[in-house]
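Each chain, written out:
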Amino acid sequence: MARKKAVLLINVGTPDQPTVASVRKFLFQFLNDRKVIDIPLIPQKLLVNLIIVPFRAPKSTKLYQRLWTKNGSPIISYTANLVDELNNTASDFDFYYAMRYGNPSLKTTLKTIKEKAYEELIVLPMYPQFADSTTGSTIERTKQLVAKLGINTQLSFIDQFYTHPSYLNAQAELLKQYDLRKYDHIVFSYHGLPIRHLNKSHPKENAITCNCHHAMPSHGTYCYQATCFETSRLLAKELNLKNTDYTVSFQSRLSEKWMKPFTDDVMAKLGKEGKKQILIATPSFVTDCLETIIEIGYEAEEIFLENGGEQLDRVPCLNADKNWANAIIDMLKK
């Protein structure tokens, strides 16, 4: 007999295999999301399907081949391990996971949940800070599928959790495993977004001139940039860091019109300034993936070393950490 509440963790996704065909299929699904590339429909289709995917798929495949492990894609194996940990720990809930793009698909997982006839379904998009292209897209697609599949159950969402004490504690405990005193500087690197995405959430306030890097503004509750800076301030407080001890940066940029400062520029700058040892964490990711393992663990490190740095240590994501599992349970109960 099914327990009364189901919890569905939704992560971003991954190709099924590190092959060009599989990567191409994944990129088609991901980049054709209207919330990810929010330009007029016809230009979006032309840009994605005729330019970005055909040229990007072979290059991305090489990166995925470097990322792949004997357990497959890390984002799948870590998320599966987390769900196992949760199901073994919390008896009040049944936990499931799905990917927004790729497999296990959201549709298939929701069909499984429907068969169990739960009284309540709680959906947790695995993004600490809300963005319309991540959490917003996930919530919208989940609602569409729930309606289409005729799932008649109470439905609720946890749309962000960057201020939740248990999440912050779990992140801080990861960093405390390192001797913070030995590092010349700490970097908090977040996935970047186009500036136009930010301005959509507060049309009267320009994200470029906003003071959110100093303090949380009144309009910043659902502004991705403001919540990233606030996450860093909250973590710095937990770790007793001064403002001069750390830098906030943004990675994975596709153009100059994205959030700044760029992580690769920060890596070069710190190296040129004589910083020798750096610790870098990625608080917008709860699960290790291409952007953390490859982009930070290899590419950012290479830039830092090329510019005079000597050691860059990457803090792993929360993955299936027990503190993270306990934080999720705490969020659900409160």
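Preceding block: the structure.
A short tour of the structure in this document, coming up. What you are looking at is a predicted structure, and each value in this text was computed from that prediction instead of being measured.

**Focus on the side chain of E230**
- With respect to the helices, strands and loops of the structure, E230 is situated in helix α8 (residues 224-238).
- With near-sequence residues (within four places) excluded, E230 lies in contact with Y162 and M216.

**Quick notes on the sheet that holds strand β7 (residues 277-281)**
- Pairing is parallel in the open sheet, where four strands are placed in the order β6-β5-β7-β8. A strand with exactly one partner marks an edge of an open sheet, and here the two such strands are β6 (246-251) and β8 (311-314). Going from strand to strand, the sheet's axes swing by 25° on average, the running direction of each strand aside.
- The pairing of strand β5 (residues 185-191) with β6 spans six bridges and is parallel. The residue bridging F188 from the neighbouring strand is V248, located in β6.
- Contacting β5, β6, β7 and β8, helix α10 (residues 290-306) runs over the sheet at an angle of about 165° to β8.

**Describing the sheet that holds strand β2 (residues 93-102)**
- Pairing is parallel in the open sheet, where four strands are placed in the order β2-β1-β3-β4. Since the sheet does not close on itself, it has two edges, and those belong to β2 and β4 (154-157), each with one partner. Here the average twist between neighbouring strands, direction ignored, is 25°.
- Bridge count for strand β3 (residues 120-125) against β4 is four bridges, and the pairing is parallel. Counted as the bridge partner of E120 is Q154 from β4.

**Some remarks on a nonpolar patch on the surface**
- Together, L41, I42, L46, L47, L50, I51 and F55 line one region of the surface with nonpolar side chains, adding up to about 720 Å² of accessible area.
- Tracing the chain through its elements places I51 in helix α2 (residues 41-67).
- In this structure I51 comes out as partly exposed when scored by relative accessible area, which is 46%.

**Some details on the pairing of β8**
- Pairing between β7 and β8: four bridges, direction parallel. Each bridged residue has a counterpart across the sheet, and for I278 the counterpart in β8 is L312.
- For the crossover from β7 across α10 to β8, the handedness is right-handed.

**Looking at the packing of helix α1 (residues 20-31) against α2**
- Orientation of α1 relative to α2, taken along the N-to-C sense of each, is 140°, at an axis distance of 8 Å. Taken together, the axis directions place α1 and α2 in an arrangement best described as oblique. Note that α1 runs across α2; the crossing there is right-handed. Taken together, the residues of α2 that come into contact with α1 (itself represented by V20, V23, R24, F26, L27, F28 and L31) are Q44, V48, N49, I52, V53, R56, A57, P58, S60, T61 and Y64.
- By residue class, the composition of the contact of α1 with α2 is twelve nonpolar, four polar and two charged.

Basis of the calculations
Each chain has its residues counted from 1, running along the sequence as written. Whole-chain, interface and lining totals are the exception, using all residues; otherwise, since this is a predicted model, local features are given only for residues with pLDDT of at least 70 and side-chain atom pairs are given and counted only at 80 or more. With hydrogens and water stripped out, all remaining heavy atoms of the structure feed into the side-chain values. Strands are runs of DSSP state E lasting at least 2 residues, helices are runs of H or I lasting at least 4, and numbering of each runs from the N terminus. The contact rule is simple, with two residues in contact once any of their heavy atoms fall within 4.5 Å. For two strands to pair, DSSP has to find at least two bridges joining them. Orientation is described by axes fitted as lines to C-alpha atoms, over the contacting stretch for helices, and by angles from 0 to 180 degrees between their N-to-C directions. Grouping into patches uses exposed residues only, defined as over 30% relative accessible area, and leaves out salt-bridged ones; the cut-off is 9 Å for like charges and 5 Å for nonpolar side chains (Val, Leu, Ile, Met, Phe, Trp, Tyr). Accessibility throughout is a Shrake-Rupley quantity obtained with a 1.4 Å probe, and a residue counts as covered only by protein chains that appear here. A carboxyl oxygen of Asp or Glu within 4 Å of a side-chain nitrogen of Lys or Arg is what we treat as a salt bridge. Three exposure classes are used, based on accessible area relative to the maximum for each residue type with a 1.4 Å probe and protein chains only: buried under 20%, partly exposed in between, and exposed over 50%. The path from the first strand over the helix to the second decides the hand: if it runs clockwise while the strands point away from the viewer, the crossover is right-handed. Oblique is the label for any angle not under 35 degrees, not over 145, and not in the 65 to 115 range, which are roughly parallel, roughly antiparallel and roughly perpendicular in turn. Definitions for this section: a left-handed crossing has its near helix turned counterclockwise from the far helix by less than a right angle. A right-handed crossing has that turn clockwise. Just so you know the grouping, Ala, Val, Leu, Ile, Met, Phe, Trp, Tyr, Cys and Pro go in nonpolar, Asp, Glu, Lys and Arg go in charged, and all remaining residues, Gly too, go in polar.

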